[in-house]
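Descriptive structure summary
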Amino acid sequence: MTTSLILNVIGPDRPGLVNAIADRATAAGANWLESRLANLAGQFAGIIHLQVPDDRADALTQAMHGLETQGLQISVTRAQSAAADPAARTLQLDLVGQDHPGIVKEISHMLFTRGISIDELATECVEGSMSGGTLFRATARLHVPASVSTESLREVLESLADDLMVDVELDSPAGA
């Protein structure tokens with residue numbers, strides 16, 4: 001049997017951090033299943049899903065906490081399987097517009113009130129090539145319950161997009 005561990009890691013970025021984590025995972029016989037790693041404002045930030053034999057999960061957790069002496073903050077959580085809704089579907093939301101406070105709050109609140117879960121969210125601010133201002137971009141993978149039609153979701157997103165002065169697209173994710 002195996003245990004799924006989710007690692008949350010943050011600390012000052014420097015070469016070798018991923019290697020140090022991977023060394024400890026491999027030494028425990030863990031399989032690196034998926035991750036999201038980034039340098040955010042000079043900080044290494046990551047979330048990693050490892051699968052490890054049950055009898056090695058505690059040792060791997062201790063080994064990962066050993067990295068805290070190198071300036072990292074590490075949280076290790078045993079993953080619990082969530083009950084899947086077989087009628088739910090995945091949609092991708094793409095958004096772009098002039099950056100201003102509140103965009104994520106407004107969009108996430110609208111999704112929450114409809115029972116829509118954000119499975120993945122990536123955001124960035126970039127310099128607008130034509131406008132000269134800062135553009136906010138977001139891509140989200142949404143877990144949409146069957147009770148919410150794609151058309152009704154599209155309508156409310158378009159209305160909210162007008163209020164926020166952003167452009168939105170809602171589609172099935174690539175490859176789906």
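Thresholds, definitions, all that
Residues numbered from 1 in each chain as written. Predicted model: local features only at pLDDT ≥ 70, side-chain atom pairs only at ≥ 80, totals over all residues. Heavy atoms only, no water. Buried < 20%, exposed > 50% of the residue type's maximum accessible area, 1.4 Å probe, protein only. Helix = DSSP H or I, 4+ residues; strand = E, 2+ residues; numbered from the N terminus. Arc of directions from axis to C-beta. Contact = heavy atoms within 4.5 Å. Salt bridge = Lys/Arg side-chain N within 4 Å of Asp/Glu carboxyl O.

For the protein, the name recorded in an unreviewed UniProt entry is Glycine cleavage system protein R, with Pandoraea vervacti as its organism.

In an α-helix, one turn spans 3.6 residues, which is why side chains three or four residues apart end up on the same side. Among all positions in helix α1 (residues 17-27), only Leu 17, Ala 20, Ile 21 and Ala 25 are buried. Angular distribution of buried residues about the axis of α1 spans 130 degrees; they occupy a single face of the element. For α1, the exposed residues set more than 90 degrees away from the buried face come down to Thr 26 and Ala 27. The inward-facing, buried residues of α1 contact β1 (2-12), β2 (31-40), β3 (43-53) and α2 (57-65).

Attention shifts here to the environment of Ile 21. Looking at where Ile 21 falls in the secondary structure, it is placed in helix α1. Apart from the residues lying within four places of it in its own chain, the contact partners of Ile 21 are Leu 7, Val 9, Trp 32, Phe 44, Ile 48, Met 64 and Leu 67.

Under the definition given, this model contains 7 salt bridges. Note that Glu 120 and Arg 141 form a salt bridge whose closest N and O atoms lie 2.8 Å from each other. Residue Glu 120 is found in strand β6 (residues 117-127), and its partner Arg 141 is found in strand β7 (residues 134-144); the two are separated by 21 residues along the sequence. Accessibility expressed as a relative area gives 28% for Glu 120, which makes it partly exposed. Here the residues in one salt-bridge network are Glu 34, Arg 36, Glu 120 and Arg 141, joined through shared partners.

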